[in-house]
Amino acid sequence: NHMVITSLDSLSPRIRSAAARAAGQLEIHECAPKLLEMLDDPDESVRRNCITALSQTGGEGVRERLEMLYEETFWAEDGKHIEDALENLEFVERNSLMPFFDLPDDDPEAPFDDDLEWD
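Residues numbered from 1 in each chain as written. Predicted model: local features only at pLDDT ≥ 70, side-chain atom pairs only at ≥ 80, totals over all residues. Heavy atoms only, no water.

How would you explain the overall build of the protein chain if you had to name every residue and give the values?
On a plain count of helices and strands, the protein chain comes out with 6 helices and 0 strands. When the helices and strands of the protein chain are listed from N to C terminus, the series reads α-α-α-α-α-α. Here the protein chain holds 119 residues, and the buried ones make up 34% of them. Accessible area of the protein chain: about 8800 Å², with a carbon and sulfur share of 55%. (Helix = DSSP H or I, 4+ residues; strand = E, 2+ residues; numbered from the N terminus. Buried < 20%, exposed > 50% of the residue type's maximum accessible area, 1.4 Å probe, protein only. Areas by Shrake-Rupley, 256 points an atom, 1.4 Å probe, with all protein chains shown as cover.)

And the structure:
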């Protein structure tokens, strides 16, 4: 993870782009703030991979920033890419927030109902 995180600051657009893609694929959530900054990167490939990566990592402010970017987009292809990212983000958010099944408050060592009588 450290290599991916440090590569996001590379001078090479190819390395920044690959690092953004890896951050998303590996779901490195701590990269989200940096990926949000990189949405203003001068390289289109970097920006696109950041959009995709953010849809995979989620995080605070990600949905709002992608929605704002979507509204600002004038190019149909970029708009579709961002729309796809927002759909993926919705899936990621929904699955990461799924409630866990509550375990019974009873003694975990007692596997059977206490009302049963045993001979």
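Next, the rest of the story.
Quick one: what's the story with helix α2 (residues 13–25), residue by residue and with numbers?
Taking 1.5 Å per residue, 13 residues should reach 18 Å; α2 reaches 18 Å between its end C-alpha atoms and fits that length. Taken together, the buried positions of α2 are occupied by R16, S17, A19, A20, A22, A23 and G24. Where α2 is buried, its residues meet α1 (2–7), α3 (32–37) and α4 (44–57). Downstream of α2 by one or two residues, E27 has phi in the positive range, about 55°. (Expected span 1.5 Å × (residues − 1). Contact = heavy atoms within 4.5 Å.)

Explain the side chain of T57 to me, using residue names and the numbers behind them.
Within the element layout of this structure, T57 appears in helix α4. Look at T57 and you get buried, because its relative accessible area is 4%. In this structure, T57 is in contact with A23, G24, E27, I28, H29 and A32, ignoring residues within four places of it in sequence.

So what's going on with the packing of α2 against α4? Residues and values would help.
At a minimum axis separation of 7 Å, α2 and α4 run at an interaxial angle of 15°. The angle between α2 and α4 falls in the class roughly parallel. In the crossing of α2 with α4, the sense of the turn from one axis to the other is left-handed. Between α2 and α4, the residues in contact are P13, R16, S17, A20, R21, A23, G24 and Q25 and S45, V46, N49, C50, A53, Q56 and T57, respectively. Among the residues making up the contact of α2 with α4, the classes are represented as 6 nonpolar, 7 polar and 2 charged. (Axes fitted to C-alpha atoms, helices over the stretch in contact; angles between N-to-C directions. Parallel < 35°, antiparallel > 145°, perpendicular 65-115°, else oblique. Left-handed = near helix turned anticlockwise from the far one by under 90°. Nonpolar A, V, L, I, M, F, W, Y, C, P; charged D, E, K, R; others polar.)

Help me get a handle on the pattern of salt bridges, residues and values and all.
Counting across every chain of the model gives 9 salt bridges. Notably, a salt bridge pairs D41 with R16, separated by 2.9 Å at the nearest N-O pair. Here D41 is found in the loop between α3 and α4, whereas its partner R16 is found in helix α2, with 25 residues between them in sequence. Each member of the pair, D41 as well as R16, is classed as buried. Several salt bridges share partner residues, and in doing so they unite D9, K34 and E37 into one network. (Salt bridge = Lys/Arg side-chain N within 4 Å of Asp/Glu carboxyl O.)

Before we move on, can you summarise the confidence of the model for the protein chain with the specific residues and values?
Across the protein chain, the average pLDDT comes to 82, with 77% of residues at or above 70. Scored below 50 in pLDDT, residues 98–116 shows 1 contact in the model against residues more than four places distant or in partner chains. (pLDDT = per-residue confidence, 0-100.)

Which residues make up helix α5 (residues 62–72), and what are the values?
The complete set of buried residues in α5 reads V62, R65, L66 and L69. Seen along its axis, α5 keeps its buried residues to an arc of 95°; they face one direction. Away from the buried face of α5 by more than 90 degrees, exposed residues E64 and E71 are located. (Arc of directions from axis to C-beta.)

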